[in-house]
Amino acid sequence: MSQRTFSIIKPDAVRKGDTAAILAVIEKAGFKILGIKKIVLSKAQAEGFYHVHSARPFFNDLTTFMTSGPIFPMVLEKDNAIADLRKLMGATNPANAEDGTIRKLFAASIEENAIHGSDAEDTAAFEIGYFFAGYELK
Ligand code: CMP
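Residues numbered from 1 in each chain as written. Predicted model: local features only at pLDDT ≥ 70, side-chain atom pairs only at ≥ 80, totals over all residues. Heavy atoms only, no water.

Remarks on the pattern of salt bridges
Within the structure shown, the criterion is met by four salt bridges. Ionic pairing is found between glutamate 136 and lysine 37, a salt bridge with its closest N-O pair at 3.2 Å. One end of the pair, glutamate 136, is in the segment after α7 (121-131); the other, lysine 37, is in the loop between β2 (32-36) and α3 (43-49), with 99 residues separating them in the sequence. With a relative accessible area of 30%, glutamate 136 lands in the partly exposed category. Across the pair aspartate 99 and lysine 104 runs a salt bridge, and its minimum N-O distance is 3.8 Å. (Salt bridge = Lys/Arg side-chain N within 4 Å of Asp/Glu carboxyl O. Helix = DSSP H or I, 4+ residues; strand = E, 2+ residues; numbered from the N terminus. Buried < 20%, exposed > 50% of the residue type's maximum accessible area, 1.4 Å probe, protein only.)

Observations concerning the UniProt feature "active site" (unreviewed entry) in the protein chain
Taken from the UniProt record, the annotation "active site" (unreviewed entry) applies to His116. When you line up the elements, histidine 116 lands in strand β4 (residues 115-117). For histidine 116, the residues in contact, after removing those within four places along its chain, are Phe6, Ser7, Ile8, Lys10, Phe49, Tyr50, Met89, Arg103 and Glu127. (UniProt positions renumbered as here; feature names shortened; annotations may be inferred. Contact = heavy atoms within 4.5 Å.)

Description of the site of the ligand
Neighbouring residues of the ligand: Lys10, Tyr50, His53, Phe58, Leu62, Thr92, Arg103, Ile110, Glu111, Asn113 and His116. A distance of 3.2 Å is found between an oxygen atom of the ligand and a side-chain nitrogen or oxygen belonging to asparagine 113. Protein contacts shield 79% of the accessible area of the ligand, which totals 460 Å² for the unbound molecule. Taken together, the residues that form the shell around the ligand break down as four nonpolar, four polar and three charged. (Near = heavy atom within 4 Å. Polar contact = N/O pair within 3.5 Å; in protein donor to acceptor, adjacent residues only side chain to side chain. Areas by Shrake-Rupley, 256 points an atom, 1.4 Å probe, with all protein chains shown as cover. Nonpolar A, V, L, I, M, F, W, Y, C, P; charged D, E, K, R; others polar.)

Re the packing of aromatic side chains
One pass over the full model with this rule turns up seven aromatic pairs. Here the aromatic rings of phenylalanine 6 and phenylalanine 49 are separated by 5.7 Å at their centres, their planes lie at 55°, and the arrangement is tilted. With phenylalanine 6 in strand β1 (residues 2-9) and phenylalanine 49 in helix α3, this residue pair connects regions lying 43 residues apart in the sequence. Note on accessibility: phenylalanine 6 and phenylalanine 49 belong to one class, buried. Here the aromatic rings of phenylalanine 6 and phenylalanine 131 are separated by 5.3 Å at their centres, their planes lie at 10°, and the arrangement is stacked. Placement of phenylalanine 6 in strand β1 and of phenylalanine 131 in helix α7 is noted, with a sequence separation of 125 residues between them. Of the aromatic side chains, those joined through ring pairs into one cluster are Phe6, Phe49, Tyr50, Phe126, Tyr130 and Phe131. Over the face of the ring belonging to phenylalanine 132 we find lysine 37, whose NZ or CZ atom lies 4.5 Å from the ring centre. (Phe/Tyr/Trp six-rings, centres within 6.5 Å; stacked < 30°, edge-to-face > 60°. Lys NZ or Arg CZ within 6 Å of the ring centre and 35° of its normal.)

And the structure:
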């Protein structure tokens, strides 16, 4: 069944000029890009987005990194989008990511890992709403 998920091309990938290459992998895997924008997050916006990780030791580093340059938040749609994007991204730590995955191809470390993808339906709904209004998604 058609499903929406949320993704971010992170500041490391944007800085390296990998945005278009990552979007090509995503589109070739059958995802439709319903909405995409380029923004620079404030620290407060990054903290709000990652609030589920607020007690983690890496929270400050993560939210500082996510404000370090432009990002491309986007909403993607396909059958089984949430699980299929997680598979296409590969493991959070690129050292553990399988060949052909986005993180194997483009990520440098567990922090500079090129892309975010929602991990469940409820987080996808929160994350889509954090960045996009319904009328922006077509
Ligand atoms: P993301 O999918 O955006 O969601 C939470 C992020 O926290 C994750 O990607 C990683 O980039 C980051 N993260 C997870 N574990 C660690 C860690 N041990 N050290 C630094 N960052 C981490």
